[in-house]
Amino acid sequence: MTTSSATEVSDASELRHQLVEQLRASNHIRSAAVESAFRTVPRHAFAPEVPLPSAYADDIVATRHRDDGTTTSSISAPWLQADMLEAARIQPGHRVLEIGSGGYNAALIAELVGPTGHVTTLDIDPVVTERAVRFLPETGYSQVSVVTADAEHLPSKVVPEGGFDAIVVTVDTWDLPWIDALADGGRLVAPLRLHGYHWAIGFTKEKGALHSDEPLVICGFVAMQGDGAWNPNRRTVPGTGVHLSWEDGTPLSVDQLAPALTREPTVTRTNITVGGQEPFDLLTLYLAGALPGFCRLEADPDGDHQVLNPPPPHWPAAAIVRGTSLARLAHERIGDGDDGKGRYEFVVQGYGDHGHLAAREMAEHVESWQHNHRGARCPLITARPAAGHAPAGPVHEPHVFAKKRTRISVDWPIVPVRTARPTVLERSEAG
Ligand SMILES: C[S@@+](CC[C@H](N)C(=O)[O-])C[C@H]1O[C@@H](n2cnc3c(N)ncnc32)[C@H](O)[C@@H]1O
């Protein structure tokens, strides 16, 4: 870096090594190659707008915003970059595509592929690619190809013969339209949205399909723009401030639901409990695949829905609609728990004339997850190109998510609860 003073560089290098120690201790860095990349690439040089300690904090650095303040580009949090690079299993000589650019992560990948490999980093936003074009040569990574394009329409000229050995997607994506651009045996790591829940998932391509084999990591990334931007299919129950979203599946009518929200709900108990600090994200993913009409429920805190306690704003409740009735997953505190963080029982609240039946239906699936799948570390996820498959249509196919370009199926191994292990590694806005 020509503009930095000697002290700044030595401070930066000290902070960088401290960050690496932290990422090793927390097991996000697991291989010597990823460790060496993190020790080498000067993260602060890609984030000149923030002070050195912020550049080396284990957090995102937001680099671009819309007028309303929404972040549209960032340098992702180091823990997540490390997890995703480990999952990508990049080797020297590999040809790698990074979707969503900025420069820093591309430089890490350039370290991993070495002089015999090649990195292409692609972004829809010319301001972001301009940054990458400036910062990469300044830090010694001029060999990285920077492309401005919508990832939904990958320019064929950027795809090497035989496909990329790895594709690392660093933007929240609803679909996986890059299967053809990946070599057989190649790795694709992406934060995939399934019914609004997003998970960073590592896949290997075999016989034209992607197969997951890594535990899922819950994460938040900036939103996909362009033709691959997802539609939340959000509907508002008239006059209530209650919103239901069908990000996958067919949206149902909400126009007749308002009366259901004026009467106290029925409560169906499950006798299934969860600790206050224990994630249950896999339960909601299970319910999203198992239940026709699944949606996610949010409520304005000041809306006209006296009988419904709003779920936390960033974690909409799992819900189903049945005609003019509705059920939603909730939990009730039943004690302090071993760790003092509370113990909660899953309950299902039913709203409307048939709300108790909808609640019973959802509760049965909570029980099925508990008895058959709660011990599973992660389900197996397969993505196949949609071409050649009949569209899902109005018929519900359990645990299949029909996307525009792929069909994603989620297979739940039978693992009884007593062998339960932690299922989710992180939850954070991290990219
Ligand atoms: C989290 S940032 C990328 C971070 C970067 N990989 C890093 O840490 O160095 C996500 C990027 O995805 C880009 N993006 C959003 N939609 C896109 C699309 N359709 N095609 C390509 N890039 C897109 C945004 O402009 C943004 O710069």
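All values reported here derive from a predicted model rather than from experimental measurement.

Section: the overall build of the protein chain
Helix and strand counts for the protein chain come out as eight helices and 20 strands. For the protein chain, the spread of C-alpha atoms along the principal axes amounts to about 70 × 50 × 45 Å. Within the protein chain, the fraction of its 431 residues that count as buried is 55%. Here the contacts in the protein chain between residues at least 6 apart in sequence split such that 62% fall between residues at least 24 apart. Total accessible area on the protein chain stands at roughly 18,600 Å², and carbon and sulfur atoms take up 51% of it.

Notes on the domain arrangement of the protein chain
Splitting the protein chain by domain gives domain 1 (6–228) and domain 2 (234–376). For domain 1 versus domain 2, the separation of C-alpha centres amounts to 35 Å. Taken residue by residue, the interface counts nine residues in domain 1 and 14 residues in domain 2. Buried area between domain 1 and domain 2, summed over both chains or domains, comes out near 1,100 Å², and the portion from carbon and sulfur atoms is 60%. Per-residue buried area on domain 1 facing domain 2 is highest for His195, Tyr197 and Trp199; these three make up 64% of the total on that side. Applying the counting rule to domain 1 against domain 2 returns one salt bridge. Across the pair Glu247 and Arg193 runs a salt bridge, and its minimum N-O distance is 2.8 Å.

Observations regarding helix 4 (residues 78–88)
Of all eleven residues making up helix 4, eleven are buried, and the element is well covered by its neighbours. Those residues of helix 4 lying buried are Pro78, Trp79, Leu80, Gln81, Ala82, Asp83, Met84, Leu85, Glu86, Ala87 and Ala88. Two residues or fewer past helix 4, Arg89 is found with a positive phi of approximately 50°.

Describing the site of the ligand
Contacts to the ligand come from 26 residues, most closely from Ser73, Glu98, Asp123, Thr170 and Gln225. A distance of 3.0 Å is found between a nitrogen atom of the ligand and a backbone nitrogen or oxygen belonging to Gly100. Side-chain polar atom of Thr170 to a nitrogen atom of the ligand: 2.9 Å apart, as the coordinates give it. For the ligand, whose free accessible area comes to 600 Å², the fraction covered by protein is 100%.

Some thoughts on the pairing of strand 18 (residues 380–385)
Within a regular strand, side chains alternate between the sheet's two faces. Pairing of strand 9 (residues 209–212) with strand 18, which is carried by two bridges, proceeds in the antiparallel orientation. Along strand 18, the bridge assignment pairs Leu210 with Ala383.

Describing the nonpolar core
In this structure, Ile167, Leu176, Trp178 and Leu287 are the most contacted members of the largest nonpolar core, which totals 64 residues. Looking at which element gives the most residues to this core, the answer is helix 7 (residues 281–290), with seven residues. The two domains that each donate at least three residues to this core are domain 1 (6–228) and domain 2 (234–376). Leaving out residues up to four positions away in the same chain, Ile167 has contacts with Leu97, Ile99, Trp178, Ala181, Leu182, Arg187, Leu188 and Val189. Ranked by size, the runner-up nonpolar core spans 48 residues in total, among them Ala12, Ala37, Ile109 and Phe135.

Some details on the pattern of salt bridges
All told, the structure shown has 27 salt bridges when counted by the stated rule. One salt bridge in this structure joins Glu35 and Arg24, with 3.1 Å as the shortest N-O distance. Of the two residues, Glu35 is situated in helix 2 (residues 32–40) and Arg24 in helix 1 (residues 6–25); the sequence distance between them amounts to eleven residues. With relative accessibility at 17%, the residue Glu35 sits in the buried group. Arg24 gets classed as partly exposed once you look at its relative accessible area, which sits at 41%. Measuring nitrogen to oxygen at the nearest pair gives 2.9 Å for the salt bridge that ties Arg39 to Glu35. Of this pair, Arg39 and Glu35 are both found in helix 2, four residues apart, which corresponds to roughly one turn of the helix. The structure contains a network of salt bridges with shared partners spanning Glu21, Arg24, Glu35 and Arg39.

Considering the environment of Gln143
Here Gln143 lies in the loop between helix 6 (126–138) and strand 5 (145–148). For Gln143, a relative accessible area of 42% corresponds to the partly exposed category. Between the C-alpha atom of Gln143 and that of Pro115, which follows or precedes it by 28 residues, the distance is 8.8 Å. Once residues lying within four places of it in the same chain are set aside, the contact partners of Gln143 are Ala110 and His118.

The rules behind the values
Residues numbered from 1 in each chain as written. Predicted model: local features only at pLDDT ≥ 70, side-chain atom pairs only at ≥ 80, totals over all residues. Heavy atoms only, no water. Helix = DSSP H or I, 4+ residues; strand = E, 2+ residues; numbered from the N terminus. Buried < 20%, exposed > 50% of the residue type's maximum accessible area, 1.4 Å probe, protein only. Contact = heavy atoms within 4.5 Å. Areas by Shrake-Rupley, 256 points an atom, 1.4 Å probe, with all protein chains shown as cover. Domains from an automatic or database assignment. Buried area = accessible area lost by both parts, 1.4 Å probe. Salt bridge = Lys/Arg side-chain N within 4 Å of Asp/Glu carboxyl O. Near = heavy atom within 4 Å. Polar contact = N/O pair within 3.5 Å; in protein donor to acceptor, adjacent residues only side chain to side chain. Pairing = 2+ DSSP bridges. Core = buried A, V, L, I, M, F, W, Y, C linked by side-chain atoms within 4.5 Å.

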